[in-house]
Amino acid sequence: MKEETCCCHKTTERSEKEYKSLLNRLSRIEGQIRGIKGMVERDVYCTDILIQVAAVNAALNSFNKELLAEHIRNCVARDIREGRDETIEELVATLQKLMK
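Residues numbered from 1 in each chain as written. Predicted model: local features only at pLDDT ≥ 70, side-chain atom pairs only at ≥ 80, totals over all residues. Heavy atoms only, no water.

**Student:** I'm lost on helix 1 (residues 16-41) in this one. Help?
**Tutor:** Side chains three or four residues apart in an α-helix point the same way, a direct result of the helix having 3.6 residues per turn. With 26 residues, helix 1 extends 37 Å between its outermost C-alpha atoms, agreeing within 8% with the 38 Å of an ideal straight helix rising 1.5 Å per residue. Each element contacted by the buried residues of helix 1 is listed here: helix 2 (46-81). Of the residues trailing helix 1, Asp-43 is marked for its positive phi of about 60°. (Helix = DSSP H or I, 4+ residues; strand = E, 2+ residues; numbered from the N terminus. Expected span 1.5 Å × (residues − 1). Contact = heavy atoms within 4.5 Å.)

**Student:** Is there a simple way to explain helix 2 in this structure?
**Tutor:** An ideal rise of 1.5 Å per residue puts 52 Å on 36 residues; helix 2 measures up with 51 Å between its terminal C-alpha atoms. A bend of about 35° at Ile-72 is the largest found in helix 2. Taken as a whole, helix 2 has its buried residues at Ile-49, Val-56, Phe-63, Glu-66, Cys-75, Val-76 and Asp-79. Against the buried residues of helix 2 lie helix 1 and helix 3 (86-98). Positioned one or two residues after helix 2, Gly-83 has a phi angle of 85°, which is positive. (Bend = angle between axes of the 7 residues up to and from the residue. Buried < 20%, exposed > 50% of the residue type's maximum accessible area, 1.4 Å probe, protein only.)

Structure, rendered in structure tokens:
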């Protein structure tokens, strides 16, 4: 198997729409993290911080779902069509890591 032909090992070509969507999500998450840091610095009540952390976790899960869906639709489907069944094992391993 040539590594450069499998988007899963080195790089992935993304559509402009997907690229912008992923970056926008990450920018929002980054802002939320900065907000939590500021809350800690201001000695905000623990419960309020925990609620914001839960919101960040939900945002990260949403990011993962979007990225995983596109990975399956593009990389995994293409590799299976091209006979690279080892991609299935890679996907299974990835899902196991995500579900820890």
